[in-house]
Amino acid sequence: MKKKSQLVWLIRLQRFPRSAAQWISTQYRRIPQKYRFAIATITFATLTAFFASHFPLTVVPEYQVGQTAISAIIVPADLAARLEARRAPELAQISRSPVLLHAGETITADKLPLIETIRNYQIAHRNPKRLLGLLALVGLMFFALYKSAIHSKSSRLGPRTGFWVASSALMIQTLLVRVGMFGASVLGARPEAMQFGTSLEFGFAIPFAACALALSLLVGSQLALVAALMGTILVGYSAPGGMTFAAFALGASVTAIYSLQLYRTRNAVIIASFAVGCANVLMALAALIIVEADVTWQRILGAFLSALVGAILTAGTASFLIPVYESAFDILTDMKLLELSNADNPLLQQLAIRTPGTNHHSFMVAVLAEAAAKAIGANALLARTGCLYHDIGKLSAPNMYIENQKGGPNPHDNRPPISSARIIASHVTQGIAMAREANLPSQIIDFIPQHHGTRVLAYFYHKAKSQAEARGETVNVDDFRYPGPKPQTREAVILMLADGAEASVRSLDEQTPENINAIVKKIVDTVVADGQLDECDITMRELNVIRETLINTLINVYHERISYPGFNPTNEKTEEKEELPTLPQPEISSAATAK
């Protein structure tokens, strides 16, 4: 019985972490969303203010000459750095070690002034008014950060998610600076390190731009810049060097943010860290010239090495934070999108091998969508990647789609229209299932149902309608609609229009500029009239830009070429063209494109 009881308790202990996590998650979800938002914001703001406040956990007792030290008296690293910056005479007493007195040692007259300085410093930093004032400042910063998240055009996330990411990153950055300043002060007081510099030089090794670099990849440059500016203010408030380190942090952060705009690969962080290293070296040299009166080559070398170490730590910290945020907040970064758009991806390989026609169509739609997204300032890489996966559901039955039939018999010729419509519409549900099985991000999966919206499979609807009218019956148009939902984002709208435009233009007998212009305009007008864009915040101006971009790109694709004499086979004209008994090419007069 005893062994059985022990086994039961062992199983309970093994299950406890998971059970506790589930219980906490359940209780947290029961809290109304607005209260959760307030609690999390207050928590982040309080921690950020605390990290920037130099709040001492203990205060040195008041001593008199001749008394015995109750515990070791250590000079706070921040105070030591401030004394060093002022070149105070008390600095000579802690030149070898930050420990002023060990426990049991006697208080002497020469050390009493420094003990009083330490005590006054700790009391001042424990003043509740100071902490409340700093908390109010951080609260205003967080409010401004939330407003920036709402109005940011570069953010890839929703306003609240973007705010969570930016505010937590700002908190982490403040903690990094706090820990880094402590380490720099400790190193600056070590005799063996003093020849290479003081806490100022060693402070250049702090990764001031780490969170700015990570945020630029996670939420976009606009919100990252706002968070970096706020982090710079907190650096100036908490660092012993004040504006010296604030200017250094600002230069590094701005360099990190804008060096990423030219690169969209996995080595973007490395390239950005190289740019940060160059900026750090220049800023360190400027800081030495401004602050230090007696600049030596050893100090210059120490500052340069610290600046380069800071760039390396920036890259390392950002590389650690990015996958953590990607997983925690379901963020789809440009680097992840590039990995998904790689042709070696198993789903894309299957699409190219088993459905070559669909694969080519998806690639052409991706080209059109990317150009249109760039034209209106949407996420071009997201639109392009979504296009590559939007028809993966056709892998379940490749021969049911005309682009993969290679001129062979069409299986829909002998099927009722309603059956064919259900088969064609099923590529949406099949595609969603395949995408989830492949663990594709939700943002990519959303393209699969939204690129058709709730449009009608026009070819099969009209075919069923004509057959029903001959029998004196009626047809329900809703039986021939895609399941939806309608496009929710600008990128999904672009895919819907590019998908219809590419298929429609390909069905033309002559792809002249006039025909392309007319059919694309008709596609856009039909989609708008059908109410497919009612759930998206796209503007008419953006629609016009998308339409013109699609027209110009398609005209460039179907450009004319000079005929090569002797190389063109003789075309045999038939007296009567056979009507294609296949899946319809887009019906411009109807509310949808059947594919």
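Residues numbered from 1 in each chain as written. Predicted model: local features only at pLDDT ≥ 70, side-chain atom pairs only at ≥ 80, totals over all residues. Heavy atoms only, no water.

**Quick notes on the overall build of the protein**
- Within the protein, the regular secondary structure consists of 24 helices and two strands.
- Across the 595 residues in the protein, those meeting the buried criterion constitute 47%.
- Within the protein, contacts between residues separated by at least 24 positions form 79% of all contacts whose residues are at least 6 apart in sequence.
- Summing over all exposed atoms, the protein offers an accessible surface of approximately 30400 Å²; the carbon and sulfur share of this is 59%. (Helix = DSSP H or I, 4+ residues; strand = E, 2+ residues; numbered from the N terminus. Buried < 20%, exposed > 50% of the residue type's maximum accessible area, 1.4 Å probe, protein only. Contact = heavy atoms within 4.5 Å. Areas by Shrake-Rupley, 256 points an atom, 1.4 Å probe, with all protein chains shown as cover.)

**Some points on the confidence of the model for the protein**
- Scored by pLDDT, the protein comes out at a mean of 82, with 84% of its residues at no less than 70.
- This stretch, residues 572-594, has a pLDDT under 50; its non-local contacts, to residues over four places away or in other chains, come to 58 contacts. (pLDDT = per-residue confidence, 0-100.)

**Focus on unusual backbone geometry**
- Between Gly484 and the following residue, Pro485, the backbone shows a cis peptide bond with an omega angle of 5°.
- Tracing the sequence through the fold places Pro485 in the loop between α21 (458-470) and α22 (490-506).
- Even without being a glycine, Asn439 presents a positive backbone phi close to 60°.
- Tracing the chain through its elements places Asn439 in the loop between α18 (417-437) and α19 (442-445).

**As for the environment of Ile546**
- With respect to the helices and strands, the residue Ile546 is situated in helix α24 (residues 540-557).
- A relative accessible area of 0% places Ile546 in the buried class.
- In the structure, Ile546 is positioned 174 residues away from Ala372 in sequence and 5.1 Å away in space, judged by C-alpha atoms.
- Those residues in contact with Ile546 that lie beyond four places of it in its chain are Ala372, Ile376, Ile494, Leu497 and Ile538.

**A look at the side chain of Lys486**
- Here Lys486 is to be found in the loop between α21 and α22.
- Separated by 3.0 Å, the side chain of Lys486 and the backbone oxygen of Gly531 make a polar contact.
- Apart from residues lying up to four places away in sequence, Lys486 is in contact with Gln450, Gly453, Thr454, Gly531, Gln532, Asp534 and Glu535. (Polar contact = N/O pair within 3.5 Å; in protein donor to acceptor, adjacent residues only side chain to side chain.)

**Let's talk about the pattern of salt bridges**
- Under the definition given, this model contains nine salt bridges.
- The salt bridge partner of Arg384 is Glu370, with a shortest N-O separation of 3.7 Å. In this pair, Arg384 sits in helix α17 (residues 380-389) while Glu370 sits in helix α16 (residues 356-376), placing the two residues 14 residues apart along the sequence.
- Linking Lys394 and Asp391 is a salt bridge whose minimum nitrogen-to-oxygen distance equals 3.4 Å.
- In this structure Lys394 comes out as buried when scored by relative accessible area, which is 0%.
- Given a relative accessible area of 0%, Asp391 falls into the buried group.
- Residues participating in the shared-partner salt-bridge network are Glu370, Lys374 and Arg384. (Salt bridge = Lys/Arg side-chain N within 4 Å of Asp/Glu carboxyl O.)

**Here we look at the packing of aromatic side chains**
- Tallied over the full model, the rule gives 15 aromatic pairs.
- Where Phe44 meets Trp164, the ring centres are 6.2 Å apart and the plane angle is 75°; that geometry is what we call edge-to-face. Here Phe44 is found in helix α2 (residues 33-52), whereas its partner Trp164 is found in helix α6 (residues 159-188), with 120 residues between them in sequence. When sorted by exposure, Phe44 lands in the same class as Trp164, which is buried.
- Arranged with centres 4.8 Å apart and planes meeting at 25°, the rings of Phe204 and Phe248 form a pair that is stacked. Pair noted here: Phe204 is in the loop between α8 (199-203) and α9 (210-218) and Phe248 is in helix α11 (residues 243-259), with a separation of 44 residues, a long-range link. A single burial state applies to Phe204 and to Phe248, both of which are buried. (Phe/Tyr/Trp six-rings, centres within 6.5 Å; stacked < 30°, edge-to-face > 60°.)

**Looking at helix α23 (residues 513-529)**
- In this model α23 runs 24 Å from its N-terminal to its C-terminal C-alpha over 17 residues, within 8% of the 24 Å that 1.5 Å per residue would give.
- Along α23, the residues classified as buried are Ile516, Ile519, Val520, Ile523, Val524, Thr526 and Val527. Seen from one end, α23 has its buried residues packed into an arc of 160°, which puts them on one side. For α23, exposure combined with an orientation more than 90 degrees from the buried face picks out Glu514 and Ala529.
- Turning to α23, the residues buried within the fold contact α22 and α24.
- Note on α23: the residue one or two positions beyond its end, Gly531, has a positive phi of about 75°. (Expected span 1.5 Å × (residues − 1). Arc of directions from axis to C-beta.)

**Notes on the side chain of Ser53**
- On the secondary structure map, Ser53 appears in the loop between α2 and β1 (73-74).
- According to the relative accessible area criterion, Ser53 is buried, its value standing at 1%.
- In this structure the side chain of Ser53 is engaged in a polar contact, spanning 2.8 Å, whose partner is the backbone oxygen of Phe50.

**Observations concerning the environment of Leu340**
- Turning to its location among the elements, Leu340 is positioned in helix α14 (residues 334-340).
- On a C-alpha basis, the gap between Leu340 and Pro441 in space is 9.5 Å, while along the polypeptide they are 101 residues apart.

**Quick word on the nonpolar core**
- If you look at the biggest cluster of nonpolar residues, it comprises 68 residues, and the most contacted ones within it are Tyr389 and Val520.
- Counting residues per element, this core draws most heavily on α22, which supplies eight residues. (Core = buried A, V, L, I, M, F, W, Y, C linked by side-chain atoms within 4.5 Å.)

**A closer look at helix α15 (residues 346-354)**
- Along α15, the positions that sit buried rather than exposed are Leu347, Leu348 and Leu351. Down the axis of α15, the buried set is contained in an arc of 100°. They therefore lie on one face. Facing away from the buried surface of α15 by more than 90 degrees, the exposed residues are Pro346 and Ile353.
- Turning to α15, the residues buried within the fold contact α14, α16, α17 and α18.

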